[in-house]
Amino acid sequence: MTAVHQELHFADAGEAADLAAFLARLIHYDRAAAVRLQAGGGVLAVFGRPPSFEVLAIRTARLEAIVPTDAASATAAGGPAGSRGSGGLDTTVSAGEFADALDRARAERTAEASGGRGLVVIVPQAVTGPPWAGVLPPRGGWRRVDGLPGADEVRGAVTAAVAEFRARDAALPEERRTRAERDRIGQEIWSRTLGATGLPLRAVHAAQSLGFLRPVRATAASAATIPAGARGGVTTAPGPTADPLVLLAAGGWLRLRTPYGSVAVRTSGFPGLSVTPA
């Protein structure tokens, strides 16, 4: 039986490169990382969960099309093979395989000296996803939360927390220098909230570690795309006048939105639902 594949036609090769960098950071924390891909309305959203942070990280990129690569799937999509479809995508794949697919596409594009801006990437075969992949933020209903400090203050809070952890770790007597004690200190520090927002510092730490808090480039605010959440919902960001950092809330979730991606953390919900992998 013919394997069913889909091609992602990225609107901008630079956004695909930023996505590859995001995947590399996820793989740095977990070599066996999986990511959930959702696409629709001309936007691809990539959801990942870096270990220890207990958050979901989301990176997006604009798409020109999602194209089936075999005749059977093209017919099912309602068009001839190779037609530029506008259908959706929802699958979980290996982060490493997706990163490799992006690297191959970028290398081929460089070898061909393509004059266009776009990039064509074949979606890897689906894998069995971890439990968190089935518990994503809601599709809509997001509202802005007031009280988020400015970008410099947010970065300063992470720097201060890291410095406190290192100082307290260094002050531990030899008999207490254990993994359990270090985990206890880390849990205490990273469970604190940022001001009165209710956003735990671990979410801000994750955003910093994934490169989401770096200074805004001139084009970042206008080029960024922001996912609405789960189950196929992705939307584009506001224009270049959008605030660099915005905190949103919906359905027991908080989401720190930046021009480079989002970090979402579950603050409440139904018993038994968790974003922690087994």
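Scroll up a little and you will see the structure.
Residues numbered from 1 in each chain as written. Predicted model: local features only at pLDDT ≥ 70, side-chain atom pairs only at ≥ 80, totals over all residues. Heavy atoms only, no water.

S.K.: Outline the packing of aromatic side chains, supporting the account with residue identities and numerical values.
M.R.: Following the criterion strictly, the structure yields 2 aromatic pairs and no others. Considering the side-chain rings of Phe 22 and Phe 212, the 5.8 Å spacing of their centres and the 25 degrees angle between planes classify their relative orientation as stacked. With a gap of 190 residues between them, Phe 22 in helix α1 (residues 13–29) and Phe 212 in the loop between α6 (201–209) and α7 (220–223) connect regions that are remote in the sequence. Residue classification places Phe 212 among the buried positions, given a relative accessible area of 3%. Arranged with centres 5.5 Å apart and planes meeting at 85 degrees, the rings of Tyr 29 and Phe 53 form a pair that is edge-to-face. Within this pair, whereas Tyr 29 is found in helix α1, its partner Phe 53 is found in the loop between β3 (43–48) and β4 (56–68), the two being separated by 24 residues in sequence. (Phe/Tyr/Trp six-rings, centres within 6.5 Å; stacked < 30°, edge-to-face > 60°. Helix = DSSP H or I, 4+ residues; strand = E, 2+ residues; numbered from the N terminus. Buried < 20%, exposed > 50% of the residue type's maximum accessible area, 1.4 Å probe, protein only.)

S.K.: Let's hear about unusual backbone geometry: which residues, and what values?
M.R.: At Ser 52, a residue that is not glycine, the phi angle is positive and equals roughly 80 degrees. Positionally, Ser 52 belongs in the loop between β3 and β4. At Glu 54, a residue that is not glycine, the phi angle is positive and equals roughly 60 degrees. Summarising the element assignment, Glu 54 is placed in the loop between β3 and β4.

S.K.: Describe the pattern of salt bridges, listing the residues and the values that go with them.
M.R.: Enumeration over the complete set of coordinates arrives at 17 salt bridges. One salt bridge in this structure joins Arg 106 and Asp 103, with 3.5 Å as the shortest N-O distance. Of this pair, Arg 106 and Asp 103 are both found in helix α3 (residues 95–111), 3 residues apart, which corresponds to roughly one turn of the helix. Among the salt bridges present, the one from Glu 188 reaches Arg 168, with a minimum N-O distance of 2.9 Å. (Salt bridge = Lys/Arg side-chain N within 4 Å of Asp/Glu carboxyl O.)

S.K.: A description of the pairing of strand β1 (residues 6–10) should follow, citing residues and the corresponding values.
M.R.: Pairing of β1 with β4, which is carried by 5 bridges, proceeds in the antiparallel orientation. Its bridge partner being in β4, Glu 7 is matched across the sheet by Val 67. The pairing of β1 with strand β6 (residues 119–122) spans 4 bridges and is antiparallel. What sits directly across from Glu 7, in β6, is Ile 122. (Pairing = 2+ DSSP bridges.)

S.K.: Describe the pairing of strand β11 (residues 253–258), listing the residues and the values that go with them.
M.R.: Among the 6 residues that make up β11, 6 are buried, leaving the element largely enclosed by the rest of the structure. Burial along β11 is two-sided: the face carrying Trp 253, Arg 255 and Arg 257 and the face carrying Leu 254, Leu 256 and Thr 258 are both buried. With 5 bridges connecting them, strand β10 (residues 246–250) and β11 associate as antiparallel partners. Looking across to β11, one finds that Val 246 is bridged to Arg 257. One ladder, built from 6 bridges, connects β11 with strand β12 (residues 261–266); its direction is antiparallel. Looking at β12, one finds that Arg 255 is bridged to Ala 264.

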